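Residue-level structural notes
The residues making up each chain are set out below.
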Amino acid sequence: MIQTISKTITFDEFVAWYPENSVHKYELHNGVIVEMPLGVTGFIHSKLAVEIDRRELPYSIPGDCLLKLSRNEAGYQPDVIVLDRTALANEPRWKKESIITMGSSVRLAVEVVSTNWQDDYLVKVADYERLGILEYWVVDYAALGGRRFIGNPKQPTISVYQLVDGEYQISQFRGDDIVESLAFPELKLTAEQIFRAGLPATEPS
């Protein structure tokens, strides 16, 4: 995670600052703007987009979308976010600013773990649960997370959090496990397929 501005700002100041058509993604953490590294997002994005098209689901995957948390100094842009198009009419800031304020508008949020793994496993789990996001994936293809989250010895893991009676229930997938998703129940994608997308094209000898 690369800090880009050290000054503490509010969510609305962050929205005003956010560059248009940026090739980079930014989030607001405790009032500080940070640049988010890109990972296996393209692979996941493409697979979910194909599934949406195949099943003619009322979902969309926006290129730019900010999640506004109840805390005014926090705003997230998941690596991949799947929205329920039928719910967007109820979002007061969607048409003008591409801002989501209600968890019910989100069918799936995906975060690909980098060096800021504490945010993905601790902070965002709590924030997304509180917001009411139905499903949240933490894709830890490089096994960077703490042992209490991905086991000992550490190994690449996809943690899927699903909202049940207002609380997240977690399932974990590794190797040849097929990732089980409520939003995409017919998706046939293994954890290893996702992990391979994060590896270099050629391995050093």
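Everything numeric here is computed off the predicted structure, so don't read it as measured data.

Conventions used here
- Residues numbered from 1 in each chain as written.
- Predicted model: local features only at pLDDT ≥ 70, side-chain atom pairs only at ≥ 80, totals over all residues.
- Heavy atoms only, no water.
- Helix = DSSP H or I, 4+ residues; strand = E, 2+ residues; numbered from the N terminus.
- Buried < 20%, exposed > 50% of the residue type's maximum accessible area, 1.4 Å probe, protein only.
- Contact = heavy atoms within 4.5 Å.
- Pairing = 2+ DSSP bridges.

The next point concerns the overall build of the protein. When helices and strands are tallied, the protein shows six helices and 12 strands. Within the protein, the proportion of its 205 residues that are buried is 48%. A sequence separation of at least 24 residues applies to 58% of the contacts in the protein between residues at least 6 apart.

When you tally the buried positions in strand β7 (residues 80–84), you get five out of five residues, the bulk of the element. Of the two faces of β7, both are covered, the one formed by V80, V82 and D84 as well as the one formed by I81 and L83. Here strand β4 (residues 59–60) pairs with β7 via two bridges, running antiparallel. Among the inter-strand pairings, S60 is bridged to a residue of β7, identified as L83. In terms of strand pairing, β7 meets strand β9 (residues 106–112) through four bridges, oriented antiparallel. The residue of β9 that forms the bridge with I81 is A109.

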